[in-house]
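# Coordinate analysis (summary)
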Amino acid sequence: MLLKIQGILNQAQLEKIDEILGEAEFVDGRLTAGMAARRVKNNQEMKQEPKRMELLVRILVGSLAHNDTFNSAVLPYRMADPIFARYQPGMTYGDHVDDAIMGKSGPRFRSDVSMTVFLRDPESYDGGELVIRTAFGDQKVKLPAGDAVIYPSSSLHHVAEVTRGERLVALTWIQSHVRDPARRELLHELNQAREQLLKDAPAQQTTALVDRSFSNLVRMWAEI
Ligand code: NI
């Protein structure tokens, strides 16, 4: 499932991130790429300085923790520290799938869901679309600042060349409690129906049945 989530970050958070990144050093993104990705990766990433990272992680992880759509669609278990990547004119990231095992410095975990949070006004740069290959064709994604897209980490994707301005994004990877993307999608849809029923008809037997089925499906499929 490819899902766009609006308003992961608000204006104040975007400005704070801009302020923190303004003083940061950016280095060649190839330094963090695996052997295959290195051949097609041409961008820059913020040097991971601990104090700065702590501030950035607090902002991003804090708002994700409170985002109902993110939690319902991803069922997050473990999450990578974000990477802040920028693309200036001529920069691009060719077709690749993301690393399967993450967490070189801390506990290791599997990447099930990839997330890109857009940090710049789309009018301020040309190109830089995230292009995700799906069974229904290429999906080009370029979102307003503060919005995010999530997609299965197994998807082939690339970033189109930036031809004007600067593309700035935050990236992270999540291990989900539910590994299979089809099961996650089903749970997300059932959860939306459940929440609507709990609002509209809290006393109905149907609501109780759907609520219990949702809980027990999560229990059946969740890995801890
Ligand atoms: Ni990628």
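Residues numbered from 1 in each chain as written. Predicted model: local features only at pLDDT ≥ 70, side-chain atom pairs only at ≥ 80, totals over all residues. Heavy atoms only, no water.

### Thoughts on the side chain of Arg-184
On the secondary structure map, Arg-184 appears in helix H5 (residues 181-200). If we ignore the near neighbours within four places in the chain, the residues touching Arg-184 are Ala-73, Val-74, Asp-112, Val-113, Ser-176, Val-178 and Arg-179. (Helix = DSSP H or I, 4+ residues; strand = E, 2+ residues; numbered from the N terminus. Contact = heavy atoms within 4.5 Å.)

### Some points on unusual backbone geometry
One non-glycine residue, Leu-75, lies in the positive phi region at around 45°. Structurally, Leu-75 is set in the loop between helix H4 (68-74) and strand S5 (76-79). Owing to a relative accessible area of 16%, Leu-75 belongs among the buried residues under this scheme. (Buried < 20%, exposed > 50% of the residue type's maximum accessible area, 1.4 Å probe, protein only.)

### Brief notes about the sheet that holds strand S7 (residues 92-96)
Strand order in the open sheet made by the five strands is S3-S7-S15-S12-S13, with antiparallel pairing throughout. In the strand order of this sheet, the two ends are held by strand S3 (41-42) and strand S13 (137-141), each with one partner. Where S7 lies against strand S15 (residues 157-159), two bridges are found, and the strand directions are antiparallel. Paired with His-96 across the bridge in S15 is His-157. (Pairing = 2+ DSSP bridges.)

### Here's the deal with the coordination of the nickel ion
Looking at the nickel ion, one finds its protein donor set to be His-96 (NE2), Asp-98 (OD) and His-157 (NE2), positioned 2.1 to 2.2 Å from the metal centre. Site description for the nickel ion: donor spacing in sequence, H-x1-D-x58-H. A residue pair is termed long-range when its members are at least 10 positions apart, and His-96 in strand S7 and His-157 in strand S15 qualify at 61 residues. For the residue pair His-96 and His-157, the accessibility class agrees, reading buried in each case. (Donors = N, O, S within 2.8 Å, 3.2 Å for Na, K, Ca; no water.)

### Section: the domain arrangement of the protein chain
The domain architecture assigned to the protein chain consists of domain 1 (3-176) and domain 2 (181-221). Here the C-alpha centroids of domain 1 and domain 2 sit 30 Å apart. Listed as interface residues are ten residues of domain 1 and, on the opposing side, five residues of domain 2. Interface area for domain 1 against domain 2, summed over the two sides, is near 590 Å², with a carbon-plus-sulfur share of 61%. Of all residues in domain 1, Ser-72, Ala-73 and Leu-75 bury the most surface against domain 2, accounting for 59% of the area lost on that side. (Domains from an automatic or database assignment. Buried area = accessible area lost by both parts, 1.4 Å probe.)

### Quick word on the packing of helix H1 (residues 11-22) against helix H3 (residues 50-65)
Orientation of H1 relative to H3, taken along the N-to-C sense of each, is 160°, at an axis distance of 10 Å. One way to sum up the angle between H1 and H3 is to call them roughly antiparallel. Crossing hand, H1 versus H3: left-handed. Between H1 and H3, the residues in contact are Gln-13, Lys-16, Ile-17, Ile-20 and Leu-21 and Arg-52, Leu-55, Leu-56, Ile-59 and Ser-63, respectively. Class assignment for the residues of the contact of H1 with H3 results in six nonpolar, two polar and two charged. (Axes fitted to C-alpha atoms, helices over the stretch in contact; angles between N-to-C directions. Parallel < 35°, antiparallel > 145°, perpendicular 65-115°, else oblique. Left-handed = near helix turned anticlockwise from the far one by under 90°. Nonpolar A, V, L, I, M, F, W, Y, C, P; charged D, E, K, R; others polar.)

### Some points on the packing of aromatic side chains
As enumerated under the stated definition, the model contains zero aromatic pairs in all. Lying across the ring of Phe-26, Arg-86 places its NZ or CZ 4.1 Å from the centre. Cation over ring: Arg-167 sits above Tyr-87, and NZ or CZ is 5.0 Å from the ring centre. (Phe/Tyr/Trp six-rings, centres within 6.5 Å; stacked < 30°, edge-to-face > 60°. Lys NZ or Arg CZ within 6 Å of the ring centre and 35° of its normal.)

### Regarding the environment of Asp-138
Locating Asp-138 in the fold gives a position in strand S13. Looking at Asp-138, its side chain comes within polar contact range of the side chain of Arg-133, at 3.0 Å. (Polar contact = N/O pair within 3.5 Å; in protein donor to acceptor, adjacent residues only side chain to side chain.)

### Here's the deal with the pairing of strand S10 (residues 113-118)
In terms of residue burial, S10 counts as a mostly covered element, since six of its six residues are buried. The two faces of S10 match: Val-113, Met-115 and Val-117 on one face and Ser-114, Thr-116 and Phe-118 on the other face are all buried. For S10 and strand S17 (residues 167-176), the ladder comprises six bridges, and the chain directions are antiparallel. Bridge pairing in S17 places Val-113 opposite Ile-174.

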